[in-house]
Every structure is written in structure tokens, then in C-alpha cells.
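One letter stands for each residue in the lines below.
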Amino acid sequence: MAPTHILGISAFYHDSAACLLRDGEIVAAAQEERFTRKKGDAAFPARAIEYCLGTGGIRADELTLVGFYDKPLLKFERILETYLGIAPRGVKSFLKAAPVWLKEKLHTDRQLHDALGFDGQILYAEHHESHAASAFFPSPFEEAAILTMDGVGEWATASFGIGRGNEIQLLKEIHWPDSLGLLYSAFTYYTGFKVNSGEYKVMGLAPYGEPKYVDAIYRELIDLREDGSFRLHQEYFNYLAGLTMTNGAFDRLFGGPPRVPESKLTQREMDLARSVQVVCEEIVLRMARTVHRDTGMENLCLAGGVALNCVANGRLLREGPFKRLWIQPAAGDAGGALGVAQLVWHRHCGAPRRVTPGQDGMRGAYLGPEFSPAEIEEALGAQGAVYERVSRDALLKRVAALLAQEKIVGWFDGRMEFGPRALGARSILGDPRSPRMQAQMNIKIKFREGFRPFAPSVLRERVSDYFELDGDSPYMLLVAPVKQERQIPMTREQRGLWGIDQLNVVRSDIPAVTHIDYSARIQTVDRATNPNYYDLIAEFERLTGCGVIVNTSFNVRGEPIVCTPADAYQCFMRTHIDYLVVGPFLLDKAAQPAWKETADWKREFQLD
Ligand SMILES: [Fe+2]
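Residues numbered from 1 in each chain as written. Predicted model: local features only at pLDDT ≥ 70, side-chain atom pairs only at ≥ 80, totals over all residues. Heavy atoms only, no water.

Caption draft 1: A look at the overall build of the protein. When you go through the protein residue by residue, the secondary structure sums to 21 helices and 21 strands. For 608 residues, the compact-globule estimate of 2.2 N^0.38 gives 25 Å, and the C-alpha radius of gyration of the protein, at 23 Å, lies within 12% of that figure. Its C-alpha atoms put the protein at 70 × 60 × 50 Å along the principal axes. Counting contacts in the protein only where the partners sit at least 6 residues apart, residues at least 24 apart contribute 71% of the total. When the accessible surface of the protein is summed, it comes to about 24,200 Å², and 51% of that surface belongs to carbon and sulfur atoms. (Helix = DSSP H or I, 4+ residues; strand = E, 2+ residues; numbered from the N terminus. Rg over C-alpha atoms; globule rule 2.2 N^0.38 Å. Contact = heavy atoms within 4.5 Å. Areas by Shrake-Rupley, 256 points an atom, 1.4 Å probe, with all protein chains shown as cover.)

Caption draft 2: Highlighting the sheet that holds strand β20 (residues 579–582). With mixed pairing, nine strands are arranged side by side in an open sheet as β13-β21-β20-β14-β15-β19-β16-β18-β17. Each edge of the open sheet is held by one strand with a lone partner, namely β13 (388–389) and β17 (478–481). Pairing of strand β15 (residues 426–430) with strand β19 (residues 548–553) involves four bridges; the strand directions are antiparallel. Residue pairing for β19: L429 is matched across the bridge by N551. Here helix α16 (residues 437–445) sits on the sheet and contacts β15 and β19; the angle it forms with β15, its principal contact strand, is near 135°. On the sheet, helix α19 (residues 531–544) packs against β14 (409–412), β15, β16 (455–459), β18 (519–525) and β19 and is oriented at approximately 135° with respect to β19. (Pairing = 2+ DSSP bridges. Axes fitted to C-alpha atoms, helices over the stretch in contact; angles between N-to-C directions.)

Caption draft 3: Expanded view of the environment of F418. Note on placement: F418 falls in the loop between β14 and β15. If we ignore the near neighbours within four places in the chain, the residues touching F418 are A17, A29, A30, Q31, P329, A330, A334, G335, L338, M362, A365 and L367.

Caption draft 4: Local environment of the sheet that holds strand β12 (residues 324–327). Here five strands make up an open sheet; going across it, the order is β8-β7-β6-β11-β12 and the pairing mixed. Taken across any chain shown, the strands that pair with only one partner, and hence form the sheet edges, are β8 (167–175) and β12. In this sheet, neighbouring strand axes are inclined to one another by 20° on average, regardless of whether the strands run parallel or antiparallel. Both strand β7 (residues 156–164) and β8 contribute to a ladder of eight bridges, which runs antiparallel. Within β8, the position partnered with R164 by the bridge is E167. Here helix α12 (residues 310–319) sits on the sheet in contact with β11 (299–303) and β12, set at roughly 160° to β12.

Caption draft 5: Molecular detail of the coordination of the iron ion. H127 (NE2), H131 (NE2), D150 (OD) and D333 (OD) make up the full set of protein donors to the iron ion, lying at 2.0 to 2.3 Å. If you look at the iron ion, its four donor atoms make angles of 88 to 172° with each other, and the shape they trace is irregular. Here the donor residues for the iron ion map to a single chain with the spacing H-x3-H-x18-D-x182-D. With a gap of 19 residues between them, H131 in helix α6 (residues 127–136) and D150 in the loop between β6 (143–149) and β7 connect regions that are remote in the sequence. The same class applies to H131 as to D150, namely buried. (Donors = N, O, S within 2.8 Å, 3.2 Å for Na, K, Ca; no water. Tetrahedral: all angles 85-135°; square planar, octahedral: opposite > 155°, others 65-115°. Buried < 20%, exposed > 50% of the residue type's maximum accessible area, 1.4 Å probe, protein only.)

Caption draft 6: Inspection of the nonpolar core at higher detail. If you look at the biggest cluster of nonpolar residues, it comprises 200 residues, and the most contacted ones within it are I9, L183, F254 and F467. Residue contributions to this core peak at 12 residues, all from helix α11 (residues 267–295). Beyond its immediate chain neighbours, meaning those up to four positions away, F254 contacts F187, Y190, Y213, A216, I217, L221, R268 and L272. (Core = buried A, V, L, I, M, F, W, Y, C linked by side-chain atoms within 4.5 Å.)

Caption draft 7: Region of the structure containing the packing of helix α7 (residues 180–190) against α11. With their axes 10 Å apart at the nearest point, α7 and α11 run at an angle of 175° to one another. Looking at the two axes, α7 sits roughly antiparallel to α11. For the pair α7 and α11, contact is made by L180, L183, Y184, F187 and Y190 and by R268, L272, V276, Q277, V279, C280, I283 and V284, respectively. Considering only residue class, the contact of α7 with α11 consists of 11 nonpolar, one polar and one charged. (Parallel < 35°, antiparallel > 145°, perpendicular 65-115°, else oblique. Nonpolar A, V, L, I, M, F, W, Y, C, P; charged D, E, K, R; others polar.)

Listed below in C-alpha cells is the structure:
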């Protein structure tokens, strides 16, 4: 019998993506931004679809079914009712939003057929069902509770339910405009970061601050109930009526206007970040207790943008009622493409689900494009690059030695990651023992704020030697403390430092990945999913005694993670990365011809 091919699509909101299943197995998944080089690209994911079909070796007309990750009409109804409900206050923003909706979003069916060249059936899932499916179906659990939390889909902003075998059932929802994701985004906006991508920065900034505004948030912004459900007091928010997140009442409550983006960060933003993070964690914990009580499950699966809050996830694992936690690595809307495809396969096609205990169905999230040595060589040649081909063992030894000399290495190997984190396929690597590494990598490599923390990749078997964690965290979605005996207590003088001044204090024997609160955002590396990356860290350990390396995504601030060898070479040449590995090739920055920068790129990143 011919195999069943299902294409899942997520598009038109933010971070469009595509995913292809063959008889339920994930063949390929990727975000459109990686191909178009527009961060969070929300356009129809033509390039991602082309990549998925190419990897599956099929044409669009050979697809069995197509799934779309939300219901455009339901979403339109929510938008319409919102605007009508508050007219005329919302008219201006409606006028701006409406033509896009009318043109693109209502005509999804015809548009999908035309754009795809596919005449078959297109099935639509509800937004939170797509998230729930992406959380449960690839999980390593036979049965589990499911919790999804994000900004907003159609009406639901959070939902929970049960997954069992090949079925998922959602039991309860929280509805727009009460949204944990939007509450967090309001503070992201107010502290001067970009909504939908800056939430990560707020989380990273939080440990520098004091939870000064927690009382004000509970008193004025939110009615939080014991069961984790809540209401937001809309008079402080502007996302219903306007094009911003917060309004004058919000400004008065927190003592001033929003921070101007890119202006200097002050203690106030740090205190605001800490406060909203504390409230977010409390809501997540209360919701989880309710979900546990109502479902009686031991396992919990998470998805939705809020599930990328790895600090909250770490607390949920340590303090929450569930024994085991699994988080979809593409927890944001990109993952909806994968979720809807699996929903079509299991619900519509009625296909059974096979679970391998202790192993999830994501293949380490290495679901994107890969390049053969011949393709890489051609791409490097076209860039005029100077490179050397090295055997695998020699390459691992040389890279480990370079890292031990505090060199910064761009590491491009195998299939690109699906989801927002780089996991050792498109990563920039460094030595975590170096006290200079964090500032150096932030400022000279990523051109970004010095406070941004870096994450450790650690050999799976060695995780509990370095961190207060004894389990898997393959997708860098859990934060846990650095092991007590590795921590270096602060002196009295150091404890007196405030905010960003605390950054340069050495806090452990792996200072480059120890956040100021002694925590770390951990990636455990398994030999089965990424043997080259695993063996590189093992080689570094043989050389230095340290089984951890610094792993940050291979990009500069504001750009998507690199996808192709050409992207990698350009990023290498535009930054102070010392060496680049692309597949079997090693490149030394000092040997490269001079790089001529384009005027556009210089302007964008305000260089020289
Ligand atoms: Fe979502």
C-alpha cells in the first residue's frame, strides 16, 4: 500500500512552519524564517513546504491530506467581536488589521489549494488542539495530562486535557482576553522588548531584579484564583483596542512610560521582569496542580509559547505535582504544524500510536535541512572561503583543543533544529570555565545585551555531576541550579552589588553558563540523537576534565539561526567567531580573505 503523507502547516500569525509525516513518522519540519532570513516570518511557508516535500521525495499532488494549525474563521470571529465590543475605541486598530484578515486569513482554503498545487482535503484543527497534539503525540508517554498556554489562538489562551493512546481530549479552556501569554507580553512591551520574541529577554533579566511589583500586579492587574484561573483587568491593557500592549493607566501604576527600545536598561526594568516572572510561575504552578487534581495523571506534556519559559518549567518539575514532564521543543506556533499533522494522522486517519518508553518521537528535534560534504564544499568555494577537510576523529580533537584555548567555534553539523533553540546542529560553542566567555560572546559574537545568559550542553550521563537535575532536558527547556559544591559563594561586597554589576562575579567553576541566581538552562546531550556533538563534548572532557560546553544559537541578534553553509560562513565572517566547522570542514578566521560587508547589514546592526 502507498504510504500516507500528511503535511501540517502553521502560518499567517507568527513563525510560520511546515511538517511532513510519512505513515505517522516525522520526515521533516522547519520554520519559514530560516529560509527567507526574516525572523519570525509569518508568511505562507512556501520554502519550508518545498523543503519538507523535497526531503520526503514527493510532489504536493501526492500528499494524502493537509492539516492547517488553526481555524481562521473562528479567529476572525474573535477579532470581530473584540472590535465591535469596544467600538469606537478599537476602530483604528481594526482598520489596520482587517484588510490583512479579509485578504489572507478568510481565504485560507483557496489560498492553500492554490499555493500548494494540491486538490485534496485540507483539515483545520483548533489552535490549542494543535498545541496539545504537538505536546502529547511525540511524547514518550502512553498517557499524560496536557497543558497548553500561549498568547491567543482563536478564543482559548490556555487549555488542559488528557492524552491517551492515539487520542487527545481537551477538558477546559481559559478564554480571551484573559491570557497569561499576553500578560507576559505586556511586560515585554513595557520593558522595551519586542513582543513575541523578547519574552526570553524578560525571563533572562528577571534574576537581576527584585519582585517589587508583585503586589501591584495582584492588586491591580489580575484576579488569580486558587485553581490557577484568572481574569485580567482590561483597563490597564491596550491590546483589545490599540496597537500597543499597555496604556496610560499601566504607566501610572508602574510609575512611567514604557522603556524606549534599545535605551539603557535600569533597575526598574529588572524589577518589573522579576515581578512578572514570579507571577507567571505562580500561575503555572496553580494551573498544574488543578490539572493534576482533575486528571489524576503522573505525566504532564506542555506546549504553547508560555512553555518556552524554562525557568517556570524548572520550578514546575521541582515543586509541581507531576512525576515527569515533557515539553515540545517547538512549543510556539511553529510547533502547531507538527501538532496538526499528527492530529490528522491519529484522529482523522485513526492510526494507532506507538510509544517507545524513555524515547520521544522528535529525533532530537533535528528535523531540518542537511548538506552533503560536496554541497558544503561548493557553497564554501562560492564564498571564496579557505578551508581544510579533516577526518572525524582529528576534527573532534582539534575542536576540543581550540575550545580549551578559549577559542569561539561555530559548529554546523547535520540536520537543522526545529524550534527556537540551537541544540548542537547550528550552534556557537565556547569554554564554560572561562570567566570572560559570557561578556565576550554576547558583545563580540551576538552583538546583544551583556546580561543575556548562555546555556550549557552537558553529556547526559554527567548532568547530575554539574547540576541539581537528574533527568533528561534534551531541548534546553528546563532551568536548574548549578550543583551546590560547584557554586562559589559571593563575598559580602559582591552581595552588595546591584543589577547588572553582578554580572562579572564568578559564581561557579563553570561561570560562563552560571546565571546570577546560580541557575543554568540545561541541554542534556544524548549519543543516540547527536553522536558527533556528544563525542565532541566527551573529547573536551578528556582534555579538560569538564563535561560541559557553552552552546548558543548560531546567529547574531535579530537574525534567524543559520540554515545553509553560506549563512554560516557569512555569520562567521561578520562576528569574532575564531573557527568554523561545517560538516567535515574546518575554517580558521585568520586564514580567510577580507570580508566586504554590505551597507544594509552594517546599518541594521549599527556597526562601525
Ligand atoms: Fe499559540
